[in-house]
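Descriptive structure summary
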Amino acid sequence: MKTYPLTGVSPLFEHERQTFQEIGVKINPILEGVTIDDNFLAPLPSGLKPLRSLEFCWLPTQIVEEYNQARDEAQQRELLEKKVYANCPLNCKGCFVKRDSLLLGQKLLHPEVIMRLIKEAVEKLGTKTIKYLGPTEFFRDPQAFEWLDRFQALDLIVGIFIKDPMFGDDAEVAVQFDHLGITSSEELIQKLASYPRLRLLFNFRSFDDQIQNNLVNGGDSRKIDYPKNYKTVQNRALKLLYKHLAKPELEQGRAARLVIINAPVVKSTINEALEIFKYFTDRGVPVLSTCSMASGKGQALYLNSTLSFFNDLAHYYAKATAYSIKRGLVSQAYTDQYGISPYAGIGHCFQLCNGLLIRETGQLIRCPGADHKEWRDKVTPEELVKEGIVTAWQKTRNYKQASCCNVGCLAKPRIFNSMSFKLGLLQEEED
Ligand code: SF4
């Protein structure tokens, strides 16, 4: 059964052809919440190339210490299942972070060490925005607010990918944050809204409860599935997130600090993708939607997608882009200049030329879109920690990649370079 989470929230537009500019509402088409122009990607006064977007993965201090004390690989494997992966209450199909080979035989970096690298990047590499990607949920960490306070002190735009049921389930919040006097989802979200540069990137893939619940379960046979009705807590979470991170911002003439992540778009959700795009966009919340990563458990989804799915996906991309232009989210001129974005209907990613991903082991990766050997940088975690990120950045492939707004999604060539995808775009344009 389909349910619509933002009941009582009317679309911002009175008629079909109105734009955000005409109704005076701000919306940011860039996932990172920044404005990309040639200056943004231009060399720093030091002559160095700016590392504008730093993505990172880390785990709570206690789990890091336990994992790093494992006496052998067998014990490490057990801790990987029982502590690392188990720190997330969900068991999603296609989870992009679950690549055992990236963690086994490796130590985990302490969040303190990664925080130090982030601080160095802000001070010396012009880093303006960071994003937490995993490998579990950021707020399953008793120090979560300590880290947010320190990011705020660095004046960073902070994006955090979330799916956590605690945003719609008071009991789960009380377990995690009772020590701070926070005992309900609304109290948690109100406290998060008090961080003015925090953006929450909320995963939402279907209005249908059976489809959505199925997507967050059964992903890994070593994990227990989420026992409750995820759709119910997801809808409650979205109401609260919209109430505190979208509505007040829009009313004060600022862009919402809530972004919907409809990813990965798969065969069971492709038919809803445009409806999801329009539903949230028309309420002032941008939607990032794209196909599966070629990393972790996502690789199977990526490799098994069919040509007909590529074609369907292309039709969706073209329709979302057309709708986005109609609403003034991106302009025709932007689309003519840079082409179709790897994120349907919104701005391009600049991760491969002015971004970098630090995985929880310190492994540097071009972007989260793939994790095979070619996508991993040669800089070792030991070098990164010893020499620092200024030195490491200059050794990476992304540093050598020419800066531009539309490098394109080189992480997923099988889809974005496929004839079926390109033909699908062309067909849609002809319609
Ligand atoms: S290259 Fe592709 S997968 Fe990687 S960050 Fe950009 S859009 Fe995402």
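Here the residue index of a chain counts from 1 through its sequence in written order. In keeping with the model being predicted, local features are shown solely for residues with a pLDDT of at least 70 and side-chain atom pairs are shown and tallied solely at 80 or more, while totals for entire chains, interfaces and linings include all residues. Note that water and hydrogens are dropped before the side-chain values are worked out from all heavy atoms of the structure.

1. Some points on the overall build of the protein chain
Along the protein chain, the regular secondary structure elements total 22 helices and eight strands. For the radius of gyration, the atoms used are the C-alpha atoms, and the globule rule reads 2.2 Å times the number of residues raised to 0.38. On C-alpha atoms alone, the protein chain measures out to a radius of gyration of 21 Å, which is about the 22 Å that the 2.2 N^0.38 rule sets for 431 residues. With the principal axes as the frame, the protein chain shows a C-alpha extent of 60 × 50 × 45 Å. Between buried and exposed lies partly exposed: a residue is buried under 20% and exposed over 50% of the maximum accessible area for its type, with that area taken using a 1.4 Å probe on protein chains only. Within the protein chain, the proportion of its 431 residues that are buried is 62%. Any two residues whose heavy atoms approach within 4.5 Å at even a single point are treated as in contact. Residue pairs in contact within the protein chain that sit at least 24 positions apart in sequence constitute 77% of those at least 6 positions apart. Strands are runs of DSSP state E lasting at least two residues, helices are runs of H or I lasting at least four, and both sets are numbered from the N terminus onward.

2. With respect to the environment of E32
Considering the arrangement of structural elements, one finds E32 in the loop between α1 (20-23) and α2 (38-41). Along the chain, E32 and I157 lie 125 residues apart, while their C-alpha atoms are 7.6 Å from each other. Ignoring anything within four residues of it in the chain, the contact list for E32 reads S53, T129, K131, I157, R199, F350 and Q351.

3. Quick look at the packing of helix α3 (residues 61-68) against helix α4 (residues 73-84)
The geometry of α3 relative to α4 is characterised by a closest axis approach of 9 Å and an angle of 165° between their N-to-C directions. As summarised for this structure, α3 and α4 are arranged roughly antiparallel, according to the angle between their axes. Judged by the twist between their axes, the crossing of α3 over α4 is right-handed. Where α3 approaches α4, its residues I63, E66 and Y67 are matched on the opposing element by Q76, L79, L80, K83 and V84. Put simply, Ala, Val, Leu, Ile, Met, Phe, Trp, Tyr, Cys and Pro go in the nonpolar bin, Asp, Glu, Lys and Arg in the charged bin, and everything else, Gly too, in the polar bin. Residue composition of the contact of α3 with α4, by class: five nonpolar, one polar and two charged. Throughout, an axis means a line fitted to C-alpha atoms (over the contacting stretch in the case of helices), and angles, computed between N-to-C directions, take values from 0 to 180 degrees. Throughout this description, any angle smaller than 35 degrees is read as roughly parallel, any larger than 145 degrees as roughly antiparallel, any in the 65 to 115 degree range as roughly perpendicular, and the remainder as oblique. Left-handed describes a crossing whose near helix is turned anticlockwise from the far helix through less than a right angle; right-handed describes the clockwise counterpart.

4. Quick notes on unusual backbone geometry
The omega torsion across G134 and P135 is 10°, close enough to zero to call that bond cis. Assignment of secondary structure puts P135 in the loop between β2 (129-134) and α7 (144-153). Here A263 and P264 are connected by a cis peptide whose omega angle stands at -10°. Topologically, P264 is positioned in the loop between β5 (258-262) and α13 (273-281). Residues other than glycine seldom take positive phi values, yet D155 does so here, at roughly 55°.

5. Considering the sheet that holds β2
Two modes of strand pairing occur in sheets, parallel and antiparallel, and in both the strands are linked by backbone hydrogen bonds. Should DSSP find at least two bridges between two strands, the strands are taken to pair. Taking strand neighbours across the sheet as the criterion, the eight strands line up as β6-β5-β4-β3-β2-β1-β7-β8 in an open arrangement whose pairing is mixed. Since the sheet does not close on itself, it has two edges, and those belong to β6 (287-289) and β8 (364-365), each with one partner. With three bridges joining them, β5 and β6 adopt parallel strand pairing. Each bridged residue has a counterpart across the sheet, and for I261 the counterpart in β6 is L288. Contacts from helix α6 (residues 111-124) reach β1 (53-57), β2 and β7 (355-358), with the element oriented near 180° to β1.

6. Side note on the nonpolar core
Side-chain atoms within 4.5 Å link the members of a nonpolar core, which is a set of buried Ala, Val, Leu, Ile, Met, Phe, Trp, Tyr and Cys residues. F139 and F151 are the most contacted members of the largest nonpolar core, which has 146 residues in total. If one sorts the elements of this core by residue count, helix α15 (residues 307-327) sits on top with nine residues. One finds C88, C92, Y226 and V233 within the second-largest nonpolar core, a separate group that totals seven residues.

7. A word on the pattern of salt bridges
Between side chains of opposite charge, a pair can form as their charged atoms come close. Salt bridge, as used here, is a side-chain nitrogen of Lys or Arg placed within 4 Å of a carboxyl oxygen of Asp or Glu. Summed over the entire model, instances satisfying the criterion amount to 27 salt bridges. K326 is paired through a salt bridge with E16; the nearest N and O atoms lie 2.6 Å apart. Of this pair, K326 sits in helix α15 while E16 sits in the segment before α1, and the two are 310 residues apart along the sequence. Using a relative accessible area of 47% as the deciding quantity, one classes E16 as partly exposed. Across the pair R257 and E249 runs a salt bridge whose closest N-O atoms are separated by 3.4 Å. In this structure R257 comes out as buried when scored by relative accessible area, which is 7%. Under the relative-accessibility criterion, E249 is labelled buried at 8%. Bridged by salt links that share partners, the residues E81, D100, D220, R222 and K297 form one connected network.

8. Structural notes on the pairing of strand β4 (residues 198-203)
Taken across its six residues, β4 has six buried, putting it largely inside the fold. Judged by which residues are buried, β4 turns out to be covered on both faces: L198, L200 and F202 on one side and R199, L201 and N203 on the other are all buried. Of the pairings in the sheet, the one linking β4 to β5 comprises four bridges and is parallel in character. The residue of β5 that forms the bridge with L200 is L258.

9. Here we look at the side chain of T361
Assignment of secondary structure puts T361 in the loop between β7 and β8. From its side chain, T361 meets the backbone nitrogen of Q363 in a polar contact 3.2 Å long. Those residues within four positions of T361 in sequence are excluded, and the remaining contacts are L102, L103, Q106, K107, L108, L109 and P381. Here a polar contact is taken to be a pair of N or O atoms separated by no more than 3.5 Å, where protein atoms must pair a possible hydrogen donor with a possible acceptor and residues adjacent in sequence count only if both atoms sit in side chains.

10. Examining helix α8 (residues 170-177)
Turning to α8, its buried residues number three or more, namely E172, V173, Q176 and F177. Within α8, the buried residues cover an arc of 105° as seen down the axis, which keeps them to one side. Contacts made by the buried residues of α8 are with α7 and α9 (185-193). In this structure D169 caps α8, since a side-chain oxygen of it lies 3.1 Å from the backbone nitrogen of A171. In this description, one arc is meant: the one made by directions from the helix axis to the C-beta atoms.

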